[in-house]
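Here is how the chains run, residue by residue.
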Amino acid sequence: KKENTKYKGEDAVVFALEGKDTQSGVDVVYKTTYFRNGKWVYRLHYAIEKSKLSKYQPIMESILDQFKIGSYGAEES
């Protein structure tokens, strides 16, 4: 699933997918957010075992909500 959205006021793209971990065979949910700040592109990613999603996804989303975007390099083009 791909979604165009905003993250911290910046245009962002979010990819969410499910798959199996290649080593353990456990079902995993992956979420990756890409956004640009000036000339820099950032990637925020997490993966959670699907059976533990309800426990850990709120924690990961809280961490993403608290992430601070600085201005380092933002004024450079």
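Look above for the structure.
Only a predicted model underlies this, so the values are computations on that prediction, with no experimental measurement involved. (Residues numbered from 1 in each chain as written. Predicted model: local features only at pLDDT ≥ 70, side-chain atom pairs only at ≥ 80, totals over all residues. Heavy atoms only, no water.)

S.K.: What am I meant to see in the packing of aromatic side chains here?
M.R.: For any two aromatic rings, the description comes down to two numbers: the centre-to-centre distance and the angle of the planes. Scanning the model with the defined rule gives three aromatic pairs in all. Arranged with centres 5.1 Å apart and planes meeting at 40°, the rings of Tyr 7 and Phe 35 form a pair that is tilted. Taken together, the positions of Tyr 7 in strand β1 (residues 2–7) and Phe 35 in strand β3 (residues 27–37) put the pair 28 residues apart, joining distant regions of the chain. Aromatic pair Phe 15 and Tyr 34: ring centres 6.0 Å apart, planes at 85°, arrangement edge-to-face. Of the two residues, Phe 15 sits in strand β2 (residues 10–20) while Tyr 34 sits in strand β3, which places them 19 residues apart along the sequence. Classification of Tyr 34 by relative accessible area gives partly exposed; the value is 34%. (Phe/Tyr/Trp six-rings, centres within 6.5 Å; stacked < 30°, edge-to-face > 60°. Helix = DSSP H or I, 4+ residues; strand = E, 2+ residues; numbered from the N terminus. Buried < 20%, exposed > 50% of the residue type's maximum accessible area, 1.4 Å probe, protein only.)

S.K.: Before we go on, may I ask you to explain the environment of Phe 15 in this structure?
M.R.: The class for Phe 15 is partly exposed, based on a relative accessible area of 34%. Sequence spacing of Phe 15 and Thr 33 is 18 residues, and the spatial spacing of their C-alpha atoms is 6.5 Å. With residues near it in sequence (within four places) discarded, Phe 15 still touches Lys 1, Lys 2, Tyr 30, Lys 31, Thr 32 and Tyr 34. (Contact = heavy atoms within 4.5 Å.)

S.K.: Would you mind showing me how to read the side chain of Thr 33 here?
M.R.: Here Thr 33 lies in strand β3. When sequence neighbours within four positions are dropped, the list of residues in contact with Thr 33 reads Tyr 7, Ala 12, Val 13, Val 14, Tyr 42, Arg 43 and Leu 44.

S.K.: In this structure, what is going on with the pairing of strand β4 (residues 40–49)? I would like to understand it.
M.R.: A regular strand carries its side chains on alternate faces of the sheet. Here β3 pairs with β4 via ten bridges, running antiparallel. Paired with Val 28 across the bridge in β4 is Glu 49. Between β3 and β4, which pair antiparallel in sequence order, lie two residues; one of them, Gly 38, sits at a positive phi of approximately 70°. (Pairing = 2+ DSSP bridges.)

S.K.: Got a minute to help me understand the pattern of salt bridges in this structure?
M.R.: Two side chains with opposite charge may pair up if their charged atoms get near one another. Inspection of the entire model under this criterion finds five salt bridges. Here Lys 20 ties to Asp 27 by a salt bridge, and the two come within 2.8 Å at their closest N and O atoms. Salt-bridge contacts for Glu 49 lead to Lys 52; the nearest nitrogen and oxygen are separated by 4.0 Å. The partly exposed category is assigned to Lys 52, whose relative accessible area is 40%. (Salt bridge = Lys/Arg side-chain N within 4 Å of Asp/Glu carboxyl O.)

S.K.: Just checking my understanding: could you explain the nonpolar core for this structure?
M.R.: Within soluble globular proteins, side chains that are nonpolar generally end up buried alongside one another. Counting residues in hydrophobic clusters, the biggest one holds seven residues: Tyr 7, Ala 12, Phe 35, Leu 44, Tyr 46, Ile 48 and Leu 64. With three residues, β4 is the largest single contributor of residues to this core. Setting aside chain neighbours within four positions, we find Ala 12 in contact with Glu 3, Asn 4, Thr 5, Lys 6, Tyr 7, Thr 33, Tyr 34 and Phe 35. (Core = buried A, V, L, I, M, F, W, Y, C linked by side-chain atoms within 4.5 Å.)

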